[in-house]
Amino acid sequence: MFDWLSQAVEKIKEISSNIDKYKKDTVIQSLPSYSCVSRAKKLIEQKKFDEAKAVLQKALSLPQKDSLVYKYLGIVDEKLGDNSSAIEHYQMSADLEPHDKEIWKKLGFALISAGKFEQAEKSFENANKIQGNNTDTFTGWGMALMKQQKYAAAREKFLSATKYNRYNFSAVFLCAVMEIKLEMYDKAEMKLTFLANVCPNESNTFEFARLKALKNDISSAIHYAKKSLEYNDNMLPAYVLLGQLYANSFEKEKSLEYFEKAEQKNLESLALYLEWAKVLEKFGDYDEAKIKLLKSLELDGDNLEITANLGLCCVNRKEYDEARPLLEKVLEKEPENLVVKQSLGIINYEHGEIDKAIELFKSNDEDCVNCYYLAKCYEKKNNDTKVKDYYEAAITHNPRYISAFVDYSKYLISKSEYDEARRKLRKALRMDENNTTLLNLLFFVNYILVKDEVYEYNVKETIKIAQKIEEINPDLFEYPEQKAELEKLLHDSSERE
């Protein structure tokens, strides 16, 4: 008997202890619903979410509504990936007990996941009224503002979050991201340097790389992008950034290598194929660029950036009939799209509409391709000064723009400016030493100059250019008669000696 009594007392103590434990959560002390919530919490801790949901749904049949039942139903819904139900249950819990300091935060984060950012903003505002100075509340509030592109306001919330907890690394990171958006690069760099030293990971290291790229510190940007991949070798944005950085440094092989690595890791995405295609277009590989653009279009057929670049790619492949409907589709929604303007400019140039082409290319006359075509347009109009100005601009903006070097050299040759043509050709060959088009032009220029002043050394050097082309491919050498003439000059000169 006494054993039974002792066990009963212990059981009562246990129940009392549990009631005290959950009293801070339980506003309405309705024992049946409280018991359900208690059981559900234990099941949640054991990751038995379906069982926990069944217990809580049972509590819904009780006559008195308990805010905690809805609160924990929302938690279970989130664990099961049913965000819309989580929002519904959190909202019902908040309606029943609007002074619960946690419910508005939970509702706010669920609303962010659902893309309901204005509602989330109001939810965090309510949370702050009930319990001010909470770092998580300010972090969520900032996220809701950030998603609405209210970057300055978001930054202020993230700053408040770090004020109340300087080790809230998420808030520090997001504050730095906002400062990058607001072009407050020095402030962002301080925060990202702090994170790189205290809690480096793939996200903040990548963002540091992106910041370095924006500040044109390419070597540091490459370093941190690679560091990001050391933390997570599936970090797709890092592969894309490295591809872009090496392309901007005109290192084609390294650039394409990172896009290929991402694809090999099955990190296929719209961004990967679009940026890959842009790099291929930059290097003049329009056939391969079109393949990548068509792949990205499969992922999002309505994306205007892809459509515009595909139109440009078709124009460069002289597929004008295929390009026109693509360009028109973009123009309907973005009449000032610069990619479309460049595409239409090329079409107008090819069809002899020079004035229309000039107007379109001048919409962005710092683009190397536009500068190249402007030079060609002014060739048609016999404006020597502008031809040279725009060719110079084209090769300044893109020092590896071989087509521009070739056409500029041909133009200078047509004007009998052989010394200047030779300078341009030598400069281009430093970047593409086996380019037979450049080598043939250089041979011809040297041939003209050698004939004016016949020196044995110069003749031999010119013949060496011809021999180099023949070693690459004899069929590609364009001036066999001129080479024979120089060899005869060399032979006659040695006989006279």
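**Re the overall build of the protein**
Scanning the protein for helices and strands turns up 28 helices and zero strands. Its C-alpha atoms give the protein a radius of gyration of 34 Å, clearly above 23 Å, the size a compact globule of 497 residues would have. With the C-alpha coordinates aligned to their principal axes, the bounding extent of the protein is approximately 135 × 50 × 40 Å. Going through the 497 residues of the protein one by one, you find that 46% of them count as buried. Residue pairs in contact within the protein that sit at least 24 positions apart in sequence constitute 46% of those at least 6 positions apart. Here the protein displays about 26300 Å² of accessible surface, and carbon together with sulfur accounts for 47% of that area. The positive charge centre, built from 73 side chains, and the negative charge centre, built from 84, are 6 Å apart in the protein.

**A look at the side chain of K424**
Tracing the sequence through the fold places K424 in helix α25 (residues 418–429). Residue classification places K424 among the buried positions, given a relative accessible area of 10%. Of the polar contacts made by the side chain of K424, one reaches the side chain of E392; its length is 2.8 Å. In contact with K424, not counting residues within four places along its chain, are E392, I395, F405, Y408, S409 and L412.

**Looking at the packing of aromatic side chains**
Scanning the entire structure with this criterion turns up 20 aromatic pairs. On the numbers, 5.2 Å between centres and 85° between planes, the contact of F443 with F477 is edge-to-face. Of the two residues, F443 is situated in helix α26 (residues 436–452) and F477 in the loop between α27 (456–472) and α28 (480–496); the sequence distance between them amounts to 34 residues. Accessibility expressed as a relative area gives 9% for F477, which makes it buried. Here the aromatic cluster, defined as three or more aromatic residues joined through ring pairs, consists of Y349, F361, Y372, Y373, Y391, Y401 and Y408. Across from the ring centre of Y258, 4.8 Å away, lies the NZ or CZ of K261, which sits over that ring.

**Comments concerning helix α11 (residues 185–198)**
Between its first and last C-alpha atoms α11 spans 20 Å; for 14 residues at 1.5 Å apiece the expected length is 20 Å, and the two agree. Restricting attention to buried positions, one finds in α11 the residues A188, E189, K191, L192 and L195. Within α11, the buried residues cover an arc of 170° as seen down the axis, which keeps them to one side. When the buried face of α11 is taken as reference, the exposed residues oriented beyond 90 degrees from it are D186, M190 and N197. Against α9 (151–164), α10 (169–181) and α12 (202–214) lie the buried residues of α11.

**Notes on the pattern of salt bridges**
Between side chains of opposite charge, a pair can form as their charged atoms come close. On inspection of all chains with the given rule, the structure shows 36 salt bridges. Its salt-bridge partner being E275, residue K278 comes within 3.4 Å of it at the nearest N-O pair. Within this pair, K278 and its partner E275 are both found in helix α16 (residues 270–282), separated by three residues, close to a single helical turn. A relative accessible area of 26% means that K278 is categorised as partly exposed. You can call E275 buried: its relative accessible area is 17%. The closest approach of N and O atoms between K292 and E288, which form a salt bridge, is 3.3 Å.

**Considerations on the packing of helix α22 (residues 368–380) against helix α23 (residues 384–397)**
Their axes nearest at 8 Å, the elements α22 and α23 cross at an angle of 160°. Relative to α23, the element α22 lies roughly antiparallel. The handedness of the crossing between α22 and α23 comes out as left-handed. Residues C368, C371, Y372, L374, A375, K376, Y378 and E379 of α22 touch α23, and the partners they reach there are K386, V387, Y390, Y391, A393, A394 and H397. Class assignment of the residues belonging to the contact of α22 with α23 gives a composition of eleven nonpolar, one polar and three charged.

**Side note on the environment of Y378**
As for its placement among the helices and strands, Y378 is situated in helix α22. Along the chain, Y378 and I354 lie 24 residues apart, while their C-alpha atoms are 8.5 Å from each other. The residues contacting Y378, other than those within four sequence positions of it, are I358, K362, N383, K386, V387 and Y390. Looking at Y378, its side chain comes within polar contact range of the side chain of K362, at 3.2 Å.

**Focus on helix α21 (residues 354–361)**
Listed in full, the buried residues belonging to α21 are I354, A357, I358, L360 and F361. Seen along its axis, α21 keeps its buried residues to an arc of 165°; they face one direction. Exposed and oriented more than 90 degrees from the buried face of α21 are D355 and E359. Tucked into the core, α21 has its buried residues touching α20 (338–350) and α22.

**Things to note about unusual backbone geometry**
Despite not being glycine, N382 shows a phi value in the positive range, around 60°. Mapping N382 onto the fold places it in the loop between α22 and α23. Given the relative accessible area of 67%, N382 is considered exposed. Here S416, not a glycine, exhibits a phi torsion of approximately 60°, which is positive.

**A word on the side chain of D407**
Mapped onto the fold, D407 is located in helix α24 (residues 402–414). Excluding residues within four positions of it along the chain, D407 makes contact with Y372, K376 and Y391.

**Here's the deal with the environment of Y401**
Inspection of the secondary structure puts Y401 in the loop between α23 and α24. Once residues lying within four places of it in the same chain are set aside, the contact partners of Y401 are C368, V369, Y372, A394 and I395.

**Side note on the confidence of the model for the protein**
Averaged over every residue, the pLDDT of the protein is 90; the share at 70 or more is 92%. Low confidence marks residues 1–30, where pLDDT is under 50. Its contacts with residues over four positions away, or in another chain, come to 18 contacts.

**Side note on the environment of G352**
Considering the arrangement of structural elements, one finds G352 in the loop between α20 and α21. Given a relative accessible area of 52%, G352 falls into the exposed group. Measuring from C-alpha to C-alpha, the distance between G352 and S409 comes to 23 Å, with 57 residues separating the pair along the chain.

Thresholds applied
- Residues numbered from 1 in each chain as written.
- Predicted model: local features only at pLDDT ≥ 70, side-chain atom pairs only at ≥ 80, totals over all residues.
- Heavy atoms only, no water.
- Helix = DSSP H or I, 4+ residues; strand = E, 2+ residues; numbered from the N terminus.
- Rg over C-alpha atoms; globule rule 2.2 N^0.38 Å.
- Buried < 20%, exposed > 50% of the residue type's maximum accessible area, 1.4 Å probe, protein only.
- Contact = heavy atoms within 4.5 Å.
- Areas by Shrake-Rupley, 256 points an atom, 1.4 Å probe, with all protein chains shown as cover.
- Lys, Arg positive; Asp, Glu negative; His and termini not counted.
- Charge placed at Lys NZ, Arg CZ, Asp CG, Glu CD.
- Polar contact = N/O pair within 3.5 Å; in protein donor to acceptor, adjacent residues only side chain to side chain.
- Phe/Tyr/Trp six-rings, centres within 6.5 Å; stacked < 30°, edge-to-face > 60°.
- Lys NZ or Arg CZ within 6 Å of the ring centre and 35° of its normal.
- Expected span 1.5 Å × (residues − 1).
- Arc of directions from axis to C-beta.
- Salt bridge = Lys/Arg side-chain N within 4 Å of Asp/Glu carboxyl O.
- Axes fitted to C-alpha atoms, helices over the stretch in contact; angles between N-to-C directions.
- Parallel < 35°, antiparallel > 145°, perpendicular 65-115°, else oblique.
- Left-handed = near helix turned anticlockwise from the far one by under 90°.
- Nonpolar A, V, L, I, M, F, W, Y, C, P; charged D, E, K, R; others polar.
- pLDDT = per-residue confidence, 0-100.

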